[in-house]
Structure formats: C-alpha cells, structure tokens
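Single-letter residue listing:
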Amino acid sequence: MSPEPTESPSGSENPSASPTTTAEASAALKDALTKSAEANTASGTMHLSANGKIDARGTWARQNKPNVLTAKVSTLTLNGKPNSAQPQVIVSGDTAYVNGDGLIPNQGNTWWQVPLNNLPGERGKMISDLVTSGRLQDPATIKQISSAYKDIENEGQEQVGGQTVTHYSSTLDTQEAAQAAGLPIPSPSPANMPKTLRVDTWVDSTGMVKRQQFRNAEGGQPFNLNLTVKDYNKPVTVQTPPAGQVKEVDPQTLKNLLGE
C-alpha cells in the first residue's frame, strides 16, 4: 500500500500554498475528477474497513475502452482474525467473474460467471445499469456526478506516495450523484445507502487524483474506503479465467450475493 497522506511538517497548510476560495477549490476538485476519468487506464491500491468486522487491502485496475475493471484482496481480516482468502472480481464488458477463494459456501475453486445485464432486485438493477452502460467510467458522467460534491474545502498540501498533493475535503450527496449518473435514486437508510458520504480527495500538481477516501458514519453501517492511484494510462492486463474453471452462478445464489 502507498503511505497514508501526511500533513506538512508544520502540521498545517504548507506556507507556500496560496489560499483558495471555496469556489476555486470546488472548480479545482471537479476538474481533477473529470480529467482523471479521461485517462483510459488507472491502477492502484485499495483499503476497505467496515463495521469493525472487515479489513481488506488489495489492488484494483480499470480500463475505459474496452471496459474492464478488476479488484483483488491480498490481505484480509474478518472479525479481528486474519483470513487467508484472496477474493477477486473481474468485470469484462457486461460479464463479471467472481472468485471468493473459499469465502463463498459451496463455490470451491471455481469462478462464478455473472451476467450483469439482468441482475435481480433494485440493487441488482442499479449495478446492471451502472456497469453495462459504461457510465461508471464515462468522463461525461463523472463530470455530472462532480456536481454532487458539496462543502468543498482546500485543506492544504500533504504527501501521498512521496508526492506533494493538495487535499480537498467534501461531502457527496449520494442521491444527487445517482441522479446525475442516470440511476434509480436510492432511498437513504442504514441498510441501503446513506444520504451523504464524507469524501477526501488528494490531487497532484498535474491535476490528477492520487487518492480518494470515502467515509460513512451514519446508522449501523460505518465504512471507510481508500483508493490510491499509482499509475494512469499504463497498460492494464486482465485475463478472464479459463473456461474450465468457470461456472454460471445459479439464480438463488445470485440473489443471496446481492442481499435480495
């Protein structure tokens, strides 16, 4: 994992950083989100903690054209105990391949093939719309979603991966973001989606996002997701599993995975 961002030695904003107005900070963040989405590929590391029960670290990569997305856990802790499983998800076009590496009952060593164009339930429909339409990785959509970032503030300069970056804090209105992405607007609830997320974004001197942190402290579903970008516009190689290791997921198992 890349080091967590650190403050400048003074513990406050870097003296050389010019103060910015809220409007300037807002424009800078929205420009960075859009510009970063325009990169055809990106890859980096991730760290997810949730409910005090899950702590997962690993890698991720995405490609816009053709549409490819992958995430693999390398270090996992469940309920405070280390777990050797290294689950992985690969999305290629309108098909996902899921390997729980022992976490999913009765899966064994096979990969489940999940058609994304017709997932059941409200949550499934949202995932289908988002992934198969390509909007998730469309710069135009990201630009529209950026309008859902509120209360944007420039928090000064810090370090991410040895680079000096500018830290922006914000609040993401999840309902406005869903509407901007052309998705069904989720009903905010502890079990579904919080009304707002706290989002911190670190932007380098070229205007590219180097790290984002999404946090939720509402209700009974707190989580913290960190995504650090190591590379933009470098080749992303993702191989789908061999046909002999793939099995199409059965409808009931799919409903269970989606929490339906």
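So, here's what we can say about the structure. Model, not experiment: these values are computed from the prediction.

## Concerning the overall build of the protein
What the protein contains, in helices and strands, is five helices and 14 strands. In the protein, buried positions account for 42% of the 260 residues. In the protein, 52% of the contacts between residues at least 6 apart in sequence involve partners at least 24 apart. For the protein, the computed accessible surface area is about 13600 Å², with 52% contributed by carbon and sulfur atoms.

## Examining the environment of Val 73
Within the secondary structure, Val 73 is located in strand S4 (residues 68–78). Linking Val 73 and Leu 48, residues 25 residues apart in sequence, is a C-alpha distance of 9.7 Å. The residues contacting Val 73, other than those within four sequence positions of it, are Met 46, Ala 56, Arg 57, Gly 58, Gln 86 and Pro 87.

## A few points about the side chain of Ser 146
Structurally, Ser 146 is set in the loop between helix H3 (139–145) and strand S9 (149–160). The residues touching Ser 146, leaving out its near neighbours within four places in the chain, are Lys 30 and Leu 33.

## Here we look at unusual backbone geometry
Negative phi is the rule for most residues except glycine; trans is the rule for most peptide bonds. Residue Pro 66 is bonded to the preceding Lys 65 through a cis peptide linkage, with omega at -10 degrees. With respect to the helices and strands, Pro 66 occurs in the loop between strand S3 (54–63) and S4. Not every positive phi belongs to a glycine, and Asn 79 is a case in point at roughly 50 degrees. Relative to the helices and strands, Asn 79 is located in the loop between S4 and strand S5 (81–83). The phi dihedral of Asp 151 falls on the positive side, at around 50 degrees, and the residue is not glycine. Tracing the sequence through the fold places Asp 151 in strand S9.

## Looking at the pattern of salt bridges
The tally for this structure, following the rule as stated, stands at five salt bridges. One salt bridge in this structure joins Lys 150 and Glu 176, with 3.2 Å as the shortest N-O distance. Placement of the pair is Lys 150 in strand S9 and Glu 176 in helix H4 (residues 174–180), with a sequence separation of 26 residues. Overall, Lys 150 belongs to the partly exposed group, its relative accessible area being 33%. Of the charged contacts, one joins Lys 234 and Asp 231 as a salt bridge, the two residues approaching to 3.4 Å between their closest N and O atoms. By relative accessible area, Lys 234 is classed as partly exposed at 48%. The class of Asp 231 is partly exposed, set by a relative accessible area of 28%.

## Observations regarding the packing of aromatic side chains
Aromatic ring pairs are described here by two measures, namely the spacing of the ring centres and the angle between the planes. Applying the stated criterion to the full structure yields zero aromatic pairs. Above the face of the Trp 202 ring, Arg 211 is positioned so that its terminal group lies 4.3 Å from the ring centre.

Rules of the game
Think of each chain on its own: its residues are numbered from 1, step by step along the sequence as written. Restriction of local features to residues with pLDDT of at least 70 applies here, the model being predicted, together with a cutoff of 80 or more for giving and counting side-chain atom pairs; totals for whole chains, interfaces and linings are based on all residues. As a rule here, side-chain values come from all non-hydrogen atoms in the structure, and water together with hydrogens is ignored. Strands are runs of DSSP state E lasting at least 2 residues, helices are runs of H or I lasting at least 4, and numbering of each runs from the N terminus. Burial classes: relative accessible area under 20% of the type maximum marks a residue as buried, over 50% as exposed, and values in between as partly exposed (1.4 Å probe, protein chains only). Should any heavy atoms of two residues lie within 4.5 Å, those residues are counted as being in contact. Reported accessibility uses the Shrake-Rupley method at a 1.4 Å probe radius. Residues are deemed covered only where the shown protein chains occlude them. Whenever a carboxyl oxygen of Asp or Glu lies within 4 Å of a side-chain nitrogen of Lys or Arg, that contact is scored as a salt bridge. The aromatic pairing rule takes the rings of Phe, Tyr and Trp, using the six-membered ring of Trp, and pairs them if the centres are within 6.5 Å, calling planes under 30 degrees apart stacked, those over 60 edge-to-face and the rest tilted. Placement of a positive charge over a ring is assigned whenever Lys NZ or Arg CZ falls within 6 Å of the ring centre and within 35 degrees of the normal to the ring plane.

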